[in-house]
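Listed here are the chains, written in short residue letters.
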Amino acid sequence: MASDAPLEERTEGRGTADRGFDPADRLAERERRGLRRDLTPVADVAARSPIADDPGADEPVFDGPEQVIFAANDYLGLADDERVQRAAAETAREVGTGAGASRLVTGDTPAHRALERDLAAVKNAQRALAFSSGYATNVGVISALSPDVVFSDELNHASIVDGCRQAGAETVVYDHCDPSDLQARMDERARATRAGTDESWLVLTDSVFSMDGDVAPLETICDVVESFGAWLMVDEAHATGLYEGGGGIVQREGLSDRVHVQMGTLSKALGSQGGYVAGSESLIEHLLNAARSFVFSTGLAPPAAGAAREALRIAREDDAHRERLWENVARLRDGLDAAGYEVWGETQILPVVVGDRKDAMALDDRLREHDVVAPGIRPPTVPEGTSRIRVAPMATHTEDEIDRCLAAFREAGRELDLV
Ligand SMILES: Cc1ncc(COP(=O)(O)O)c(C=O)c1O
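All of these numbers come straight from a predicted model, not from anything done at the bench.

Novice: Sorry, what's going on with the overall build of the chain here?
Specialist: Across its full length, the chain carries 15 helices and 14 strands. Each principal axis of the C-alpha atoms in the chain carries an extent, and together these give about 65 × 65 × 55 Å. Within the chain, the proportion of its 419 residues that are buried is 50%. Counting only contacts in the chain whose residues sit at least 6 apart along the sequence, the fraction spanning at least 24 positions is 67%.

Novice: Please explain the site of the ligand as it appears in this structure.
Specialist: Close to the ligand lie 15 residues, the nearest being Tyr135, Asp235, His238, Ser267 and Lys268. Contacts to the ligand include histidine 157, whose side-chain N or O atom sits 3.3 Å from an oxygen atom. Here an oxygen atom of the ligand sits 2.9 Å away from a polar atom, N or O, in the side chain of lysine 268. Looking at which element gives the most residues to the shell around the ligand, the answer is helix 5 (residues 134-145), with three residues. Across the shell around the ligand, the residue classes tally to two nonpolar, ten polar and three charged.

Novice: What is the right way to read the packing of aromatic side chains from this model?
Specialist: Two aromatic rings, taken as a pair, are described by how far apart their centres are and by the angle between their planes. Taken as a whole and assessed by the stated rule, the structure comprises five aromatic pairs. Between tyrosine 243 and tryptophan 326 the ring centres are 5.7 Å apart and the planes differ by 45°, which places this aromatic pair in the tilted class. Placement of tyrosine 243 in the loop between strand 7 (231-235) and helix 9 (249-252) and of tryptophan 326 in helix 13 (residues 319-338) is noted, with a sequence separation of 83 residues between them. Taking relative accessible area as the criterion, tyrosine 243 reaches 8% and is therefore assigned buried. An aromatic cluster is defined as three or more aromatic residues linked by ring pairs; in this entry it consists of Phe151, Trp201 and Phe228.

Novice: So what exactly am I meant to see when it comes to the domain arrangement of the chain here?
Specialist: Quite often, the size of an interface is put as the accessible area lost when its parts meet. Split into domains, the chain comes out as domain 1 (37-79 + 319-415) and domain 2 (82-317). One C-alpha centre belongs to domain 1, the other to domain 2, and the line joining them spans 27 Å. Counting from both sides, the interface comprises 23 residues of domain 1 and, opposite them, 26 residues of domain 2. When domain 1 packs against domain 2, close to 1,900 Å² is buried across both sides, 56% of that on carbon and sulfur atoms. The tally of links between domain 1 and domain 2 comes to one salt bridge. In this structure, arginine 388 and aspartate 212 form a salt bridge, with 2.8 Å as the shortest nitrogen-oxygen distance.

Novice: Please explain empty space enclosed by the protein as it appears in this structure.
Specialist: In this approach, a probe sized like a water molecule rolls over the atoms, and the result shows the empty space that is left. Within the structure shown, the criterion is met by one cavity of 30 Å³ or more. As for the largest cavity, its lining consists of Arg103, Ala130, Phe131, Ser132, Ser293, Phe294, Ser297, Thr298, Gly299 and Leu300. Looking at the lining of the largest cavity residue by residue, the class counts come to four nonpolar, five polar and one charged.

Novice: Explain helix 3 (residues 82-94) to me, please; I cannot follow it from the model alone.
Specialist: Residues spaced three or four apart along an α-helix face the same direction, because each turn holds 3.6 residues. In this model, helix 3 (13 residues) spans 18 Å end to end at C-alpha, consistent with the 18 Å of a helix rising 1.5 Å per residue. All of the buried residues in helix 3 are Val84, Ala87 and Thr91. Taken around the axis of helix 3, the buried residues stretch over an arc of 55°, which confines them to a single face. The exposed residues of helix 3 that point more than 90 degrees off its buried face are Glu82 and Arg93. Packing partners of the buried residues in helix 3 comprise helix 4 (110-122) and helix 12 (302-317). Capping the start of helix 3, aspartate 81 holds a side-chain oxygen 2.8 Å from the backbone nitrogen of arginine 83, two or three residues further along. Count one or two residues on from helix 3 and you reach glycine 96, which has phi positive near 130°.

Novice: I keep staring at the sheet that holds strand 7 and nothing clicks. Help me out?
Specialist: Backbone hydrogen bonds hold the strands of a sheet together, and the pairing may be parallel or antiparallel. An order of 3-9-8-7-6-4-5 is seen for the seven strands of this open sheet, with the pairing classed as mixed. Two strands in the sheet have a free side with no partner beyond their single neighbour: strand 3 (127-131) and strand 5 (170-174). The average angle at which neighbouring strand axes cross in this sheet is 20°, direction not considered. Pairing geometry for strand 4 (residues 149-153) and strand 6 (residues 201-206), over four bridges, is parallel. Each bridged residue has a counterpart across the sheet, and for valine 150 the counterpart in strand 6 is leucine 202.

Novice: What should I look at first to understand the environment of phenylalanine 62 in this one?
Specialist: Its location among the elements puts phenylalanine 62 in the loop between strand 1 (48-49) and strand 2 (67-69). For phenylalanine 62, a relative accessible area of 32% corresponds to the partly exposed category. Sequence separation of phenylalanine 62 and alanine 52 is ten residues, and the distance between their C-alpha atoms is 5.1 Å. Those residues in contact with phenylalanine 62 that sit more than four places away from it in its chain are Pro41, Val42, Ala43, Pro50, Ile51 and Ala52.

Novice: When you look at the sheet that holds strand 12 (residues 372-373) in this model, what are you seeing that I'm missing?
Specialist: Pairing in this open sheet of three strands is mixed, and the strands run 1-2-12 from one edge to the other. One side of each edge strand has no neighbouring strand; the edge strands of this open sheet are strand 1 and strand 12. Relative to strand 12, strand 2 runs parallel, the two sharing two bridges. Note on strand 12: the bridge partner recorded for valine 68 is valine 372.

Novice: Help me understand the pattern of salt bridges, please; the structure alone is not making it clear to me.
Specialist: Any two side chains of opposite charge can pair, so long as their charged atoms come close to each other. This model, assessed by the stated rule, comprises 29 salt bridges. Across the pair glutamate 29 and arginine 32 runs a salt bridge whose closest N-O atoms are separated by 2.9 Å. With glutamate 29 and arginine 32 both in helix 2 (residues 23-32) and three residues apart, this pair spans about one turn of that helix. Given a relative accessible area of 31%, glutamate 29 falls into the partly exposed group. Arginine 127 is the partner of glutamate 281 in a salt bridge, and the nearest nitrogen-oxygen pair spans 2.8 Å. Taken together, the positions of glutamate 281 in helix 10 (residues 281-290) and arginine 127 in strand 3 put the pair 154 residues apart, joining distant regions of the chain. For glutamate 281, a relative accessible area of 36% translates into the label partly exposed. Its relative accessible area of 16% is what places arginine 127 among the buried residues. Counted as one network, the salt bridges with shared partners bring together Arg103, Asp108, Arg113 and Glu116.

About the criteria used
Residues numbered from 1 in each chain as written. Predicted model: local features only at pLDDT ≥ 70, side-chain atom pairs only at ≥ 80, totals over all residues. Heavy atoms only, no water. Helix = DSSP H or I, 4+ residues; strand = E, 2+ residues; numbered from the N terminus. Buried < 20%, exposed > 50% of the residue type's maximum accessible area, 1.4 Å probe, protein only. Contact = heavy atoms within 4.5 Å. Near = heavy atom within 4 Å. Polar contact = N/O pair within 3.5 Å; in protein donor to acceptor, adjacent residues only side chain to side chain. Nonpolar A, V, L, I, M, F, W, Y, C, P; charged D, E, K, R; others polar. Phe/Tyr/Trp six-rings, centres within 6.5 Å; stacked < 30°, edge-to-face > 60°. Domains from an automatic or database assignment. Buried area = accessible area lost by both parts, 1.4 Å probe. Salt bridge = Lys/Arg side-chain N within 4 Å of Asp/Glu carboxyl O. 1 Å grid on protein atoms, 1.4 Å probe; cavity = no way out; pocket = protein on both sides within 12 Å on 5 of 7 lines; lining within 4 Å. Points joined across faces, edges and corners; volume = space filled by probe spheres on them. Expected span 1.5 Å × (residues − 1). Arc of directions from axis to C-beta. Pairing = 2+ DSSP bridges. Axes fitted to C-alpha atoms, helices over the stretch in contact; angles between N-to-C directions.

This is the structure:
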């Protein structure tokens with residue numbers, strides 16, 4: 001209730017301190033550290049599109065030539081597929097544009113249930129649950145499991161790191177893709193806690209790593225995890241839809257029944273938005289009660305669920321998109337190798353490692369001058385000395401576009417003395 005006392009009396013003792021924030025100063029600090037980023041508007045989410053400079057609060061102007069985009073995670077090109085777009089529109093008409101409430105109130109629709117049945121079938125799990133983003137899935141699932149200790153690959157995605165923080169779990173980081181280091185750290189913990197039998201342990205790994213394009217040795221990780229009686233959660237964000245029956249690496253390796261928690265996104269190869277988790281009936285029932293990012297957030301938008309379901313159907317039934325993607329990946333990888341670049345990884349993500357951060361950003365700029373968009377990635381996103389261009393081909397790139405990308409790399413590399 002407002003007081004009638006004079007202002008001086010009401011504010012006495014509070015001093016003249018400024019308790020607000022200075023975002024301009026924080027931005028300047030970011031700029032000084034070379035960490036300031038801008039947005040790059042695209043006219044369409046597709047393999048090719050005009051792009052615009054960041055207009056701030058104004059309307060973007062797309063007046064330049066069309067660029068070939070090697071920067072999206074829409075690996076199968078399904079965000080631009082008529083069937084998927086039609087499914088989104090039909091779901092919006094039949095169910096609504098938004099869920100209107102948390103799934104636990106009145107936001108649980110047939111569109112969500114149908115998608116979840118299909119996801120469970122693809123992931124060979126009893127049941128699946130869709131969240132409003134992959135980020136929300138990782139944070140919600142890890143904190144709802146509330147493990148005492150997590151063992152986490154050093155290159156796991158930021159949403160896993162944030163999930164571990166929110167869970168308040170003691171986090172043990174193991175060397176990237178190294179099951180023997182994982183085993184050593186689990187052994188150490190078991191010894192330190194006299195076999196640690198009353199602690200709950202969760203091992204976390206991406207299956208395909210988003211910046212290195214490599215694949216976790218899941219079978220050996222399963223062996224290690226099982227030998228300690230722990231649980232394994234695998235993030236299939238960059239694999240879902242690309243492997244056996246539209247599944248991920250867990251399906252390619254035949255490990256569905258050895259991974260306790262399978263997580264992924266609808267926002268990459270499925271060309272939509274949202275995240276999912278798949279596992280046992282009791283796990284899903286627990287999560288829909290306890291994952292705060294599920295309980296206290298409006299349900300995934302029904303058109304996104306409808307689009308993801310149609311994209312999943314295409315990924316399951318139609319090999320053509322996947323075949324085109326892997327052909328494009330092979331052509332690009334061979335061409336970059338032949339041009340003298342160092343290309344890491346073994347998947348659709350091609351990290352072209354140039355080392356120095358300035359070289360990587362200069363190469364990014366030169367590629368844009370050749371109408372090719374492929375982002376430079378530098379520390380702290382990747383370790384010092386491994387700055388790179390992350391090249392992500394799509395199924396919908398033509399051979400000619402792959403060749404244009406290669407020509408741009410060859411010319412830009414020569415101009416900058418990198419190859
Ligand atoms: C490995 C990994 N997990 C989770 C996410 C988060 O997914 P979403 O973009 O759907 O929030 C990402 C997104 O970049 C990712 O790369």
